[in-house]
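Residues per chain are reported as follows:
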Protein chains: 2
Amino acid sequence: MEEHSVNRAKSEPKNGSMQATVIAEMRRRIIKGDIEPGAPLSELALADEFGVSRTPVREALKQLQTEGLVEIRPRVGTFVTIPSRREITELFEMKELIEGAAARLLAQRGRVPEIDLIERNLREADEAVERDDRERYAELVQEFHDLLIAGADNSKLEAHYRMLMNQLAYSRLVNTSLSQPGRATQSDREHHLVLELILAKDGDSAEQVMREHVRASRRALLASLPISGGQGKFGTASS
Amino acid sequence: MEEHSVNRAKSEPKNGSMQATVIAEMRRRIIKGDIEPGAPLSELALADEFGVSRTPVREALKQLQTEGLVEIRPRVGTFVTIPSRREITELFEMKELIEGAAARLLAQRGRVPEIDLIERNLREADEAVERDDRERYAELVQEFHDLLIAGADNSKLEAHYRMLMNQLAYSRLVNTSLSQPGRATQSDREHHLVLELILAKDGDSAEQVMREHVRASRRALLASLPISGGQGKFGTASS
DNA sequence: GGCCCCGCACTGGCATACAAGAAGCAGTAA
DNA sequence: TTACTGCTTCTTGTATGCCAGTGCGGGGCC
């Protein structure tokens, strides 16, 4: 079944390398949550699905392992990693750190193109909040944070940030945290405050407020998370 | 030629996996500077040297690529990455960020075992500075920073830190920066100050001072770096 | 009925063979 | 002399086959 997947994969071997295609697609699936944490990934099955041999699949999984998205247990199997509750806390600590730094750096840079994009983003976000369009607002939140990182103009920072977000499967989570009543409104306000401080070139305060914002978003998220059993996986999936 | 390398590799397949051995060994060589930046790494040659086939070598290089230590140009070859001057700056920005955060976290944790180790480390460092033992002091500096990170008790932070340090080939550089006259003394003083603030549980100040310390060490390093041509590689190696 | 042991099926690890692109070099023509 | 063209020889990318360790289930033994 699902042979269209094969076709789609073959039709866009973007850079010509099959493993790049496999990596991108598998990463997308894991982050988006198409595959639930802990699920086994058979090299053979994937090779079959993508219409390639095991080799590129193996190398793709290997890379996803170093990115922290899957765990390869030798001679046993490859599984989507299940972040423990502790790891989630750690990841958020890093998120707070990096985004805070990004706000500071952006403030120091002065008026750069990203600032304009952020302003536009916030205008749209205001409208989305106004009409209670939670889905659109979630997108804009993600974009806001991405713009902030991009505006920091530090490729290493961006790389580490991407890796963190992938491990957090963040896109899956934003919606959840916004389900808290009033969270969207507060989040939007916090974004505005951060931008103000950046425009005022007050790097210290921008960093501080941004950190607080991340902490708030974490609290909102953990509050709306189903208290999964002792092990601390995300949840028992929806299906 | 060099069959002893083969033997050594075979004699310690620590976790049983060959690629793990290759990864560790190649990482060591790159960081230590045995291979100069920009040098080509032939899969075949390495496979031959380690006495394995290309497969595990390929997977090892793939991982080193995601760690940022080598660059794989498709159909062309694999090369030790040459960090640009800009990248070095970015890496130091990240180092400042992460070590600052570690100091803050450690201050918040109160008296943990790592604190004792740091105190012991500083006592030894004082002695090393006293007798002008630059080599020993360099080791202790590295240990100080490692202890700080360990004391933060955040595995993600530690993982990202390790990755940064590998890319910076830091161990190669510490000695260089300490060649600045008076740098060792000042560095030691800064370490003491950071510890004081940590003991006083003043996370904010500890972070701030730690950041300043990293900036100072960066300045000392860049000042003593040979101004390598326009491209910004580390230098033309020593040998 | 319950427990243990052996074997089968599946996993990833590794070796090897083939394919295909990239780069340098030589030869030739202008 | 110089520039271009074609080839030769590298490189990595992919496919495939075999091997060894793991886990599970069936069958035998107690």
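As the structure is a prediction and not an experimental result, all values here were calculated from the model.

Calculation notes
- Residues numbered from 1 in each chain as written.
- Chains lettered and ligands numbered in written order.
- Predicted model: local features only at pLDDT ≥ 70, side-chain atom pairs only at ≥ 80, totals over all residues.
- Heavy atoms only, no water.
- Near = heavy atom within 4 Å.
- Polar contact = N/O pair within 3.5 Å; in protein donor to acceptor, adjacent residues only side chain to side chain.
- Helix = DSSP H or I, 4+ residues; strand = E, 2+ residues; numbered from the N terminus.
- Buried < 20%, exposed > 50% of the residue type's maximum accessible area, 1.4 Å probe, protein only.
- Least-squares fit on C-alpha atoms with pLDDT ≥ 70 in both.
- Contact = heavy atoms within 4.5 Å.
- Nonpolar A, V, L, I, M, F, W, Y, C, P; charged D, E, K, R; others polar.
- Pairing = 2+ DSSP bridges.
- Axes fitted to C-alpha atoms, helices over the stretch in contact; angles between N-to-C directions.

**Q** Just checking my understanding: could you explain the protein's contact with DNA strand D for this structure?
**A** Taken together, the neighbourhood of DNA strand D is formed by 19 residues, with Met18, Ser53, Thr55 and Arg75 of chain A together with Arg58 of chain B sitting nearest. Taken together, the sugar and phosphate atoms account for 65% of what DNA strand D places within 4 Å of the protein. Leu41 of chain B is positioned such that a nitrogen or oxygen atom in its backbone is 3.3 Å from a phosphate oxygen of DNA strand D. Arg75 of chain B is positioned with one of its side-chain polar atoms (N or O) 3.1 Å from a base oxygen of DNA strand D. For the surface near DNA strand D, the elements supplying multiple residues, two or more each, are α2 (18–32) and α4 (54–66) of chain A together with α4 (54–66) and β3 (77–80) of chain B.

**Q** I tried to follow the environment of Leu222 of chain A on my own but got confused; where do I start?
**A** All names here are of chain A. Checked against the element boundaries, Leu222 lands in helix α11 (residues 203–224). For Leu222, a relative accessible area of 23% puts it in the partly exposed group. The spatial distance from the C-alpha of Leu222 to the C-alpha of Glu25 is 28 Å, given a sequence separation of 197 residues.

**Q** Can you walk me through the relation of the copies chain A and chain B in this structure?
**A** A rotation about an axis combined with a shift along that same axis relates the two copies of the chain. Each copy of the sequence occupies a distinct position, and chain A is placed on chain B by a rotation of 180° and an axial shift of 0.2 Å, giving an RMSD of 0.2 Å. Read as a symmetry element, the transformation amounts to a two-fold axis. A shared binding surface is used by both copies, with 100% of the interface residues of chain A retained as interface residues in chain B.

**Q** Looking at this model, I keep getting lost on the protein's contact with DNA strand C. Mind explaining?
**A** Arg58 and Arg75 of chain A together with Met18, Ser53 and Thr55 of chain B are the nearest of the 20 residues found near DNA strand C. In the interface set of DNA strand C, defined as its atoms within 4 Å of the protein, sugar plus phosphate atoms amount to 66%. Leu41 of chain A is positioned with one of its backbone polar atoms (N or O) 3.3 Å from a phosphate oxygen of DNA strand C. Between DNA strand C and Arg75 of chain B there is a distance of 3.5 Å, counted from a sugar or linking oxygen to a backbone nitrogen or oxygen. Elements with a minimum of two residues in the surface near DNA strand C: α4 and β3 (77–80) of chain A together with α2 (18–32) and α4 of chain B. Looking at which element gives the most residues to the surface near DNA strand C, the answer is α4 of chain B, with three residues. Of the residues that constitute the surface near DNA strand C, the class distribution is seven nonpolar, seven polar and six charged.

**Q** Is there a simple way to think about the sheet that holds strand β1 (residues 40–41) of chain A in this case?
**A** The pairing of strands in a sheet happens through backbone hydrogen bonds and is either parallel or antiparallel. Residues and elements named next belong to chain A. Spatially, β1-β3-β2 is the arrangement adopted by the three strands of the open sheet, whose pairing is antiparallel. Strands at the two margins of the open sheet, each flanked by one partner only, are β1 and β2 (70–73). Here β2 pairs with β3 via four bridges, running antiparallel. Within the sheet, the bridge partner assigned to Arg73 lies in β3 and is Gly77. The sheet strands contacting α4 are β1, β2 and β3, and the helix crosses β2 at an angle near 115°.

Taken by themselves, the reported measurements are silent on function.
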